[in-house]
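Residue strings, one per chain:
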Amino acid sequence: MILDKIVEHKKKEVKELKAKRRSLKEKLASDKISLLAEIKKASPSKGLIQPNFKPDVQLKAYEKAGAAGISVLTDQKFFQGSSQILKQMRKLTELPILRKEFIIDPLQVYESFFIGADVVLLIAAILTDQELNKFLDICRELKLEAIVEVHSLADLKRVLKTEAEIIGINNRDLNDFSVQLKTTAELAAELEKLGERDNHYLIAESGIKTKEDLDFLKEIGVDGVLIGETLMRAESPAAKIKELGLN
Ligand SMILES: O=P(O)(O)OC[C@@H](O)[C@@H](O)c1c[nH]c2ccccc12
């Protein structure tokens, strides 16, 4: 396959990059809730979120406030993101970086690796079982970590048949953008019931805004939270992180 040939051709670069990969799993293994802080200018549900978008300033605030990792939107059409922003962030931080993108082609997994991501998002609902398995294989080969995103019990059951180690529960329904934190509670309970909680890391994603939300999620026992809009809108992201009790 052509992609294998490219990787072969870039062997030295691949080896160097692999050796430098930063681990999100290591952070998720800690006792406290890990914060994945997101850099995003706009979204399809909210339009422009931050007109005064300064990714480098945002990153430094996240870093200083103790974020465990950074999520960077690279999708241009809906989020006004770019690979360029991720590359820029890579130069500025040693925290693990999640590439937030609608990954539907193996090429995008390789691309994520070469632009400097440590973690990719694989959304179960837009991938077949075969694609999911294949993309997870590529991740393993490149020492990339993957957050496999679920929103329903059907998604979760499919994902549990794969080698996925980090499960992201998206509280947002990507069909109508409605957000319910209880999605995390329900699916975490299912995970427990199926006896699969202990061998997975769990991240709650989307719609997290207040200290009460965090208390709710703490009760459920998630390992991490992914927060975007609340931090992008905050006058001081660092103060907001503190307020949420995440530093
Ligand atoms: O801004 P919020 O509500 O805190 O959400 C962050 C993150 O969960 C969200 O950006 C997200 C989760 N899964 C996605 C998939 C594609 C694009 C975006 C996302």
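Residues numbered from 1 in each chain as written. Predicted model: local features only at pLDDT ≥ 70, side-chain atom pairs only at ≥ 80, totals over all residues. Heavy atoms only, no water.

1. Quick notes on the UniProt feature "coiled-coil region" (unreviewed entry) in the protein chain
For the record, the criterion: UniProt positions are given in the numbering used here, feature names are shortened, and annotations may be inferred rather than shown by experiment. Put simply, DSSP H or I for four residues or longer makes a helix, DSSP E for two residues or longer makes a strand, and each gets a number counted from the N terminus.
The UniProt entry lists residues 7-34 under the feature "coiled-coil region" (unreviewed entry), expressed in the numbering used here. Across residues 7-34, the secondary structure splits into 64% helix and 4% strand, with the terminal C-alpha atoms separated by 33 Å.

2. What about the confidence of the model for the protein chain?
Note the threshold: Every residue gets a pLDDT, meaning the predictor's confidence in that residue, from 0 to 100.
Per-residue confidence for the protein chain averages 96 on the pLDDT scale, and 100% of its residues sit at or above 70. Overall fold confidence for the complex sits at a pTM of 0.96, while the interface term, ipTM, reaches 0.98.

3. Focus on the environment of Leu187
Test applied: In what follows, residue pairs with any heavy atoms lying within 4.5 Å of each other are defined as contacts.
Position of Leu187 relative to the elements: it lies in helix α9 (residues 182-193). Ignoring anything within four residues of it in the chain, the contact list for Leu187 reads Val150, His151, Ser152, Leu153, Leu156 and Ile169.

4. What to know about the nonpolar core
Rules: In these notes, a set of buried Ala, Val, Leu, Ile, Met, Phe, Trp, Tyr and Cys residues joined through side-chain atoms within 4.5 Å is what counts as a nonpolar core. Residue exposure (1.4 Å probe, protein chains only): buried if accessible area is under 20% of the type maximum, exposed if over 50%, otherwise partly exposed.
In this structure, Leu35, Tyr62, Leu122, Ile167, Val225, Ile227 and Leu246 are the most contacted members of the largest nonpolar core, which totals 64 residues. If one sorts the elements of this core by residue count, helix α7 (residues 129-142) sits on top with six residues. With residues up to four places along the chain from it excluded, the contact list for Leu246 reads Ile33, Leu35, Leu214, Val225, Ile227 and Ile241. One finds Leu24, Leu36, Ile203 and Leu226 within the second-largest nonpolar core, a separate group that totals 11 residues.

5. Focus: the packing of aromatic side chains
Threshold: Two rings from Phe, Tyr or Trp (for Trp, the six-membered ring) form a pair when their centres are within 6.5 Å of each other. A pair whose planes differ by under 30 degrees is stacked, one over 60 is edge-to-face, and the rest are tilted. Placement of a charge over a ring requires the Lys NZ or Arg CZ to be within 6 Å of the ring centre, with the centre-to-atom vector within 35 degrees of the ring normal.
With the rule as written, the count across this model stands at three aromatic pairs. Ring centres of Phe78 and Phe102 lie 6.5 Å apart, and the angle between their planes is 80°; on these two criteria the pair is classed as edge-to-face. One end of the pair, Phe78, is in the loop between β4 (69-73) and α5 (83-92); the other, Phe102, is in the loop between β5 (97-100) and α6 (106-115), with 24 residues separating them in the sequence. Judged by its relative accessible area of 30%, Phe102 falls in the partly exposed class. When the centroid spacing of 5.2 Å and the interplanar angle of 80° are considered together, the rings of Phe113 and Phe114 count as edge-to-face. Against the face of Phe114 rests Lys10, its NZ or CZ located 5.1 Å from the ring centre.

6. Notes on the pairing of strand β9 (residues 201-205)
So the rule is basically this: At least two bridges found by DSSP between two strands are what make those strands a pair. Handedness of a crossover is defined as follows: orient the strands so they point away from the viewer, and if the path from the first strand over the helix to the second runs clockwise, the crossover is right-handed.
With four of its five residues buried, β9 lies for the most part within the structure. With five bridges connecting them, strand β8 (residues 166-170) and β9 associate as parallel partners. By the bridge assignment, Ile166 is partnered in β9 with Tyr201. Regarding topology, α9 serves as the crossover connection from β8 to the parallel β9, and that connection is right-handed. This β-α-β element, β9 to helix α10 (residues 211-220) to strand β10 (residues 224-227), shows right-handed connectivity.

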